[in-house]
Amino acid sequence: MSKYLGIDLSTQSITGLLIDTESQTIIAEESINFDEHFKATYGVENGVFDLGDGAVHSAPLMWAEALDLLLQTLMDLGHDLSQIAAITGSGQQHGTVYLNDTIVSALHNISSAQPLKEQLAGIFSRETAPIWMDTSTTAQCAEIEASVGGRDKLLALTGNTAFERFSGPQIRKFYQTEPDAYNNTTYIGLVSSYIASLLAGKLIGVDPGDGSGTNMMDITARAWSPVALDATAANLADKLLPIAPPGQAVGTISHYFVGRYGFAKDCQVLPFSGDNPCSLIGLGLINPGQVALSLGTSDTLFACMDQPRTSKTGEGAVFASPDGLHYMALTCYLNGSLAREAVRNTYHFDWNSFTEALRITVPGNNGGLMLPYFAPEIVPKVSTPYVIRQNLNEADAKANVRAVIEAQAFSSSIHARWMGVDISSLYVTGGAAANAEILRIYADVHNCPVHRFETTNSAALGAALRAAHCHQSSLDNTLSWQETVAPFTEPVAGSTIKPDKEAVAVYRQMIGEYETLERVNTVAN
Ligand code: XUL
């Protein structure tokens, strides 16, 4: 069998991507958008609940229902799921799922006659799951850093300073504000381990790649750090699902999926990882120094490293690579497609006219700059959203389109410096990567060629490749990561955009102005 399924549970949708390693092709790529299918039932907007004061949650029961719908859709499209040898997946990082003591029997006794939603409604000790967009835990971040002996201690121990969206501060807030519900929580998992557990029909641990996004994992030992757990909440070691060894199957698929969708009984399930660690694999970043950019709900810039190089300024995060060998550096911007969509909607553009606006405006925007914090921002840290314009008329719709993209590209250059990587080429993925005008701006700002990938679902592809690597190396232990990823990670032929000398010169000067504008305004906030 040579077919492998990668599932990506992201902020706004769930995607299934099926590869065939024999024909070296992606044979299916299907997404279920949460708003489209579940807004009426769950009340989500862009896949989430904005609860105010920076708190942003989603609905784990909705994710289970979406998993059913995804597999049903793949089956209805004629894909024979019995041919899949192994499955793994990726989850939006940092989100936490809180389960009560009924989860184990609920998964064990599950019947394929009824959907997951009807059988799993009772397993949660908290109905909603805080996700990566949640910025409400500034106090908890400070408390955790202080408790372990300071920011530098936490950085050395876990690879990261405390971030509001990371799981540890989120768990601490729950422990402090809802102590009874915390005490009634038997297990705490991440989005990734939750979906993996549904598929395996038993509790599955957390992959180190995703464990590193918690402020609780010892980054070099790749194990929960007792010191960090103590700083986070009482009795946490008993509740947290364990760190799973990377790249090893943890069982076969639950009888539920065999009965309902025709999976083979021996289809293997691997621990899921985070979406960014999976994207690292899905973009073929398996050698130190390679850099990629993902333009999604969040924009993320990431690189493969051989050592866990850390960011003291809190600009970036470090995760273990799911290849079990390397690390990834990541800078994450909350205002990715959120900001692009905000500008598009404000000026009543569609994506075609948005692109046209980029095409007919000039690099450097005649000096017009924007700080595009339509939502709170992670990098630089901005708690209360605002938009600042410099030499930019708010009424000039086209110039505002250019300004938001140039701002994102400038920021991706400024806040990549801590990675210490000389960016000599940039691989771009995510929905907005299909837009050559956006890529042109990145090529000119970074002064390097930009390449586009065929799939915009690099996280799901990375997951499918992880499943393939695990399954096939159990048959042939000489299989390398290079051999696994190479056939699927060639950039699209002819997609390369080279920098334009004149635009590069304009941006070289403007980036300093942007940096000043950013520094002045974010320090003040
Ligand atoms: C990374 C981050 C986001 C989420 C959602 O640190 O917060 O990229 O993983 O995609």
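Within every chain, residues take consecutive numbers counted from 1 along the sequence as written. Under the rules for a predicted model, residues below a pLDDT of 70 receive no local features and side-chain atom pairs below 80 are neither given nor counted, while totals for whole chains, interfaces and linings still include all residues. Remark: hydrogens and water are excluded; side-chain values derive from all non-hydrogen atoms of the structure.

Participant: Tell me about the overall build of the protein chain, and name the residues and values.
Facilitator: The numbering of helices and of strands both runs from the N terminus, where a helix is a DSSP run of H or I of at least 4 residues and a strand a run of E of at least 2. Helices and strands together make up the secondary structure of the protein chain, namely 21 helices and 22 strands. A globule of 525 residues ought to have a C-alpha radius of gyration of about 24 Å, and the protein chain, at 22 Å, matches this closely. When its C-alpha atoms are laid out on the principal axes, the protein chain stretches across 65 × 55 × 45 Å. Expressed as a percentage of its 525 residues, the buried residues of the protein chain come to 62%. Any two residues whose heavy atoms approach within 4.5 Å at even a single point are treated as in contact. In the protein chain, of all internal contacts separated by at least 6 residues, the share reaching a separation of at least 24 is 74%. When we talk radius of gyration, it's over C-alpha atoms, and the globule rule is simply 2.2 Å times the number of residues to the 0.38. Exposure classes here rest on a 1.4 Å probe applied to the protein chains alone. A residue is buried below 20% of its type maximum, exposed above 50%, and partly exposed in between.

Participant: Residue-level account of the site of the ligand, with values.
Facilitator: When we say a residue is near a molecule or strand, we mean one of its heavy atoms is within 4 Å of it. In the vicinity of the ligand, the contacting residues are Gln93, His94, Trp132, Arg165, Asp275, Asn276, Ser298, Thr300, Phe319, Leu330 and Cys332. Nitrogen and oxygen atoms within 3.5 Å of one another constitute a polar contact, given that in protein one can donate a hydrogen and the other can accept it, and given that sequence-neighbouring residues count only through two side-chain atoms. Within the contact set of the ligand, an oxygen atom lies 3.1 Å away from a side-chain nitrogen or oxygen of Ser298. What sets the accessible areas is the Shrake-Rupley method with a 1.4 Å probe; for residues, cover comes only from the shown protein chains. Expressed as a share of its isolated accessible area of 290 Å², the protein-covered part of the ligand is 96%. At the level of elements, α14 (275–282) and β18 (327–333) are the ones that each hand at least two residues to the shell around the ligand. Polarity classes work like this: nonpolar for Ala, Val, Leu, Ile, Met, Phe, Trp, Tyr, Cys and Pro, charged for Asp, Glu, Lys and Arg, and polar for all others, with Gly in that last group. Grouping the constituent residues of the shell around the ligand by class yields 4 nonpolar, 5 polar and 2 charged.

Participant: Provide a residue-level description of the nonpolar core, including the pertinent values.
Facilitator: Nine residue types can take part in a nonpolar core, namely buried Ala, Val, Leu, Ile, Met, Phe, Trp, Tyr and Cys, and a core is a set of them joined through side-chain atoms within 4.5 Å. Counting 77 residues, the largest nonpolar core has Trp63, Leu67, Leu120, Phe257 and Phe263 as its most contacted members. Here the element with the most residues in this core is helix α2 (residues 60–76); it accounts for 9 residues. In this structure, Met217, Tyr327, Phe349 and Ile511 belong to the second largest nonpolar core, which totals 74 residues.

Participant: Break down the packing of aromatic side chains for me, citing the residues and quoting the values.
Facilitator: Working definition: a ring pair exists when centres of Phe, Tyr or Trp rings (six-membered ring for Trp) sit within 6.5 Å. Plane angles under 30 degrees give stacked, over 60 give edge-to-face, the rest tilted. Applying the stated criterion to the full structure yields 15 aromatic pairs. Judged by centre distance (5.4 Å) and plane angle (45 degrees), the rings of Phe410 and Tyr514 are tilted. Within this pair, whereas Phe410 is found in helix α17 (residues 397–414), its partner Tyr514 is found in helix α21 (residues 501–524), the two being separated by 104 residues in sequence. Neither Phe410 nor Tyr514 differs from the other in exposure class; each is buried. Clustering of aromatic rings is evident, with ring pairs tying together Tyr98, Phe174, Tyr175 and Tyr182. Across the ring face of Phe163, the terminal group of Arg165 is positioned such that the distance to the ring centre comes to 5.1 Å. Between the NZ or CZ atom of Arg222 and the centre of the ring of Tyr327, over which it lies, the distance is 4.8 Å. Each ring is checked for a lysine NZ or an arginine CZ that lies within 6 Å of its centre and within 35 degrees of its normal; such an atom marks a charge sitting over the ring.

Participant: Could you give me a rundown of the sheet that holds strand β8 (residues 129–130), with the residues and numbers involved?
Facilitator: What the 3 strands build is an open sheet, ordered β4-β5-β8; its pairing is antiparallel. Two strands lie at the open edges of the sheet, namely β4 (49–52) and β8, each paired on one side alone. For β4 and strand β5 (residues 55–58), the ladder comprises 3 bridges, and the chain directions are antiparallel. By the bridge assignment for β5, Gly52 is matched with Ala55. Only when DSSP finds a minimum of two bridges between them are two strands counted as paired.

Participant: I'd like a description of the sheet that holds strand β15 (residues 291–295), backed by residues and values.
Facilitator: Reading across the sheet, the 6 strands line up as β17-β18-β16-β15-β21-β22 and stay open at both edges, with mixed pairing between neighbours. With one partner strand each, in any of the chains shown, β17 (317–320) and β22 (450–452) form the two edges of the open sheet. Here the strands of the sheet are splayed against their neighbours by 25 degrees on average, with no regard to which way each runs. Note that strand β21 (residues 426–429) and β22 share 3 bridges and pair parallel. Axis definition: a line fitted to C-alpha atoms, limited for helices to the stretch in contact. Angles are taken between N-to-C directions and run from 0 to 180 degrees.

Participant: If you had to explain unusual backbone geometry to someone new, which residues and values would you point to?
Facilitator: Residues Val379 and Pro380 are joined by a peptide bond in cis, for which omega reads -10 degrees. Examined against the element boundaries, Pro380 turns out to sit in the loop between β19 (369–373) and β20 (386–390). Of note, Arg222 is a non-glycine position whose phi angle comes to about 50 degrees, a positive value. One can find Arg222 in the loop between β10 (217–218) and β11 (223–224). Assessed through its relative accessible area of 17%, Arg222 is described here as buried. Although it is not a glycine, Asn447 adopts a positive phi angle of roughly 50 degrees.

Participant: Give me the lowdown on the pairing of β21, citing residues and values where you can.
Facilitator: Bridge analysis of β15 against β21 gives 3 bridges, and the strand direction is parallel. Each bridged residue has a counterpart across the sheet, and for Leu293 the counterpart in β21 is Val428. Regarding topology, helix α18 (residues 436–446) serves as the crossover connection from β21 to the parallel β22, and that connection is right-handed. The path from the first strand over the helix to the second decides the hand: if it runs clockwise while the strands point away from the viewer, the crossover is right-handed.

Participant: Could you give an account of the packing of helix α1 (residues 34–42) against α2, with specific residues and numbers?
Facilitator: For any two helices packed against each other, one specifies the inter-axial angle together with the distance between the axes. One way to put it is that α1 packs onto α2 with a least axis distance of 11 Å and a crossing angle of 135 degrees. In terms of orientation, α1 lies oblique with respect to α2. Classified by chirality, the crossing of α2 by α1 is right-handed. Only Leu61, Met62, Trp63, Glu65, Ala66 and Leu69 of α2 make contact with α1, whose side of the interface consists of Phe34, His37, Phe38 and Tyr42. Residue composition of the contact of α1 with α2, grouped by class: 8 nonpolar, 1 polar and 1 charged. An angle below 35 degrees is read as roughly parallel, one above 145 as roughly antiparallel, one from 65 to 115 as roughly perpendicular, and any other as oblique. Helix crossings fall into two classes, left-handed where the near helix is turned counterclockwise from the far one by less than a right angle and right-handed where it is turned clockwise.

Participant: Kindly report on the pattern of salt bridges, identifying the contributing residues and their values.
Facilitator: The working definition used for a salt bridge is a side-chain nitrogen of Lys or Arg within 4 Å of a carboxyl oxygen of Asp or Glu. Inspection of the entire model under this criterion finds 12 salt bridges. Put simply, Arg172 and Glu143 hold a salt bridge, and the shortest N to O gap is 2.8 Å. Placement of Arg172 in helix α7 (residues 167–177) and of Glu143 in helix α5 (residues 138–148) is noted, with a sequence separation of 29 residues between them. Where Glu406 meets Arg402, a salt bridge forms, and the shortest distance between an N and an O atom there is 2.8 Å. Separated by 4 residues within a single helix, Glu406 and Arg402 lie in helix α17, roughly one turn from each other. A residue is classified by how much of its surface remains accessible, and Glu406, at 1% relative accessible area, is buried. Residue classification places Arg402 among the buried residues on the basis of a relative accessible area of 5%.

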